Amino acid sequence: MVSQPFLIRGVSLPDGSRADLVLDDGVIAEIGSGLSAAGAAVVDADGLIALPGLVDLHTHLREPGYEQSETVLTGTRAAAAGGFTAVFAMANTSPVADTAGVVEQELALGEAAGYATVQPIGAVTIGLKGERLAELGAMARSRAQVRVFSDDGFCVFDPLLMRRALEYVKAFDGVIAQHAQEPRLTVGAQMNEGALSGELGLTGWPAVAEEAIIARDVLLAEHVGSRLHICHVSTAGSVEVIRWAKARGIAVTAEVTPHHLLLTEDLAASYDARFKVNPPLRSREDVEAVRAALADGTIDIVATDHAPHPIEAKEVEWDAAANGMVGLESALSVVHASVVEDGLLDWSDVARVLSSAPARIGRLRGQGQELAVGSPAELTLYDPAASREFGTGDLAGRSVNSPYLGRTLPGRVMATFHNGYATVLDGRVEEVGA
Amino acid sequence: MRHLLSTRDLSRDSAVELLDVAEDMADVQLREVKRLPTLRGKTVVNLFFEDSTRTRISFEAAAKRLSADVITFSAKGSSVSKGESLKDTAQTLAAIGADAVVIRHHASGAPQVLAQSGWIDAGIINAGDGTHEHPTQALLDAFTIRRRLHGAASRGRALDGVRVTIVGDVLHSRVARSNVWLLDTLGAEVSLVAPPTLLPVDTDGWPASVGYDLDDAVDAAPDAIMMLRIQQERMDGGFFPNSREYSRAWGLDPERFARLRPDTIVMHPGPMNRGLEISAAAADSMQSSVLEQVANGVSVRMAALYLLLSGERPSSSEREVA
């Protein structure tokens, strides 16, 4: 796609300085003040913050197989609306992304959609069944160059299989992203186990079921000298285990979702299944712990776990409802509300946890780079002074299962540039037709 | 009363009022003609997603004695077993013109979802949802205790200072939950006794004391002791080694029963596992209120339907006419 040059005027960079940016030919061509560029579209960015394009290490795009929930096109439109320029697509599609063929198909769908880089994640085990390793090497060597492997939705529970997976992916600098959930401790689990689950009569999902797997896996990672990534850390105890592991020098990284940074289990008392998610919303103490862990680096990144579901999967009794929430469109505002407003993170920290660190963990080139001359033109412009009641009009994907509908959130993504062209301008998703 | 979803959100005054209306309804039950004309023309739907013959026929009897039209909808063999959603079922019932829906559902919170959904305008009565609540059971239990203690002078009274011990599978029991909240609201002192595996992980916020030893609880001489049913699936679920051990430690066997005060009320929501959680000696004794509970269940459910659908107590003239 031939892209028009853009001149972004008077934007604030993550470090707080003010500058003009020229985007041309897919890169940041100039940074300075009083810039002009012939033929460029001018974006008045007064009051806006420029961040490197956001990178989500944990997105469910649902295609192939669950197109009633989301497609690569609709999911990456949602990504763009949220300021993302790259998403890692989880493997629990149908067919499962456990072969080179499926991951290459996803890559191609992402390229065709043109809204964001789609980097497929490969399944660890065939069909996510936790029995035999999928063709990890073939996926790594495919055109999709898979480096992140995950059975997300299911825990790689068998300790020997987990050990083998951790060892095997060392051959191509891969990482296993573990969905830490001890299956026997969470049979039929519906919400965080505690006083409230007992009162509501909903089967509990105890924190120990997450913490026990993380403890096992950091020890395995240490033993075999491999990289381990922990998906959606949700409890204070998990934070303690990861902190201990990092202090020992174990190569573990961890993510927290926006919803675990902001929302608590109390919302389950409504039995409104929009608040049903796995791992479940936890207690206030857990929320405080994951916020502090993100601030001190124990948790490396924020990842959305964007999980679209059709209305009929949520407009049902709690037990029957699907787990998951959409999160791409709201992620930056939720991070803003949960950890920026109270000063735990500044905007350069946000650039790290939502862009550079996830790109580094996922070994994704051309994303998550500093805003500097010569860097790829992957960036987003955010209005931190805005405030809005979040509504379905703010969602750009196919599904509306957002826990934030009706809630006032700060900030707004005003523009997103991917590959030098605008996927969002004036707060609206553009038609890009690659 | 718009809905009856839980006892948690029932105030003391409205609970006592409901029990008083149930007394009026119980009086009607003593007559030759047991029927009141009050809900003539109203349609009550019994929507049962779980088998429960006892609760269903109790609600049926209650609705019919108030002259309501009763439609019973069982999930088995219905559109629900063909995959119909709760939403579609509710909208269908709304289209039929249901004034009240009595719902029994295996999912905790399903009645609340129905009540707040906007799918149906009818009043909702929770007839037992998952392991959450079973408010009419707790109300009939409270009614039974009050009648035993105060007889004809029950009206207007609560249960202040009455000591009630609930024994068994508290973890999975909607009966226990509803009773804990309601009995506390009415001023009673509640003790829970169970194996640790059958208690919720955190009951600090419950208005009840919690213990593991039934012998201690028996020796504390409660005013009422309520034995909960042990479901078959718990016996196989590893919550305790086997039914013999459960029975030895947490069953109301003849020896423990004999140690109770002679006026301690022995309660069970039914159906009973005789020889497991309760012995025949206890179940068939004069102290047992098991059959009274069943009879009182109809009166309490009449009261609930009445308050839901007509909103006020029956006038004395109305009671005369019937």
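Reading the values: rules and limits
- Residues numbered from 1 in each chain as written.
- Chains lettered and ligands numbered in written order.
- Predicted model: local features only at pLDDT ≥ 70, side-chain atom pairs only at ≥ 80, totals over all residues.
- Heavy atoms only, no water.
- Helix = DSSP H or I, 4+ residues; strand = E, 2+ residues; numbered from the N terminus.
- Rg over C-alpha atoms; globule rule 2.2 N^0.38 Å.
- Buried < 20%, exposed > 50% of the residue type's maximum accessible area, 1.4 Å probe, protein only.
- UniProt positions renumbered as here; feature names shortened; annotations may be inferred.
- Polar contact = N/O pair within 3.5 Å; in protein donor to acceptor, adjacent residues only side chain to side chain.
- Contact = heavy atoms within 4.5 Å.
- Core = buried A, V, L, I, M, F, W, Y, C linked by side-chain atoms within 4.5 Å.
- Domains from an automatic or database assignment.
- Pairing = 2+ DSSP bridges.
- Axes fitted to C-alpha atoms, helices over the stretch in contact; angles between N-to-C directions.

> Would you mind going over the overall build of chain B in detail, with residue names and values included?
Within chain B, the secondary structure is distributed over 13 helices and nine strands. The C-alpha atoms of chain B give 19 Å as radius of gyration, which agrees with the globular expectation for 322 residues (20 Å, within 12%). Along the first, second and third principal axes, the C-alpha atoms of chain B reach 55 × 50 × 35 Å. Within the span of chain B, comprising 322 residues, buried residues form 57% of the whole.

> Hey, could you go over the UniProt feature "domain: Dihydroorotase catalytic" (unreviewed entry) in chain A for me, with residue numbers and the actual values?
Listed under "domain: Dihydroorotase catalytic" (unreviewed entry) in the UniProt record, and renumbered for this structure, are residues 49-236 of chain A. For residues 49-236 of chain A, the end-to-end C-alpha separation is 32 Å, with 35% helix and 18% strand making up the annotated structure.

> So what's going on with the side chain of K314 of chain A? Residues and values would help.
Residue and element names in this part refer to chain A. Here K314 is to be found in the loop between strand 15 (301-302) and helix 10 (331-340). A distance of 2.9 Å separates a polar atom in the side chain of K314 from the backbone oxygen of G324. Not counting residues up to four positions away in its chain, the partners in contact with K314 are A273, R274, K276, H309, A322, N323, G324 and N401.

> Please set out the nonpolar core residue by residue, giving values where relevant.
Within the largest apolar cluster, 73 residues are counted, with the highest numbers of intra-cluster contacts made by F149, L294, I299, L332, V350 and L354 of chain A. No other element matches the six residues that helix 6 (residues 207-224) of chain A contributes to this core. Counting only domains with at least three residues in this core, you end up with domain 1 (6-49 + 374-429) and domain 2 (53-361) of chain A. Among all residues touching L332 of chain A, those that are not within four sequence positions of it are L51, L54, G82, W347, V350, L354, Y382 and V413 of chain A. Listed in part, the 66 residues of the second largest apolar core include L4, L36, L140 and V180 of chain B.

> Lay out the sheet that holds strand 5 (residues 163-167) of chain B in plain terms, naming residues and giving numbers.
All names here are of chain B. The five strands lie next to each other as 7-6-5-8-9, forming an open sheet whose pairing is parallel. In this open sheet, the two edge strands, each paired with only one partner strand, are strand 7 (209-211) and strand 9 (265-267). For this sheet, the mean angle separating the axes of adjacent strands, direction not counted, is 20°. Pairing of strand 5 with strand 8 (residues 224-227) involves four bridges; the strand directions are parallel.

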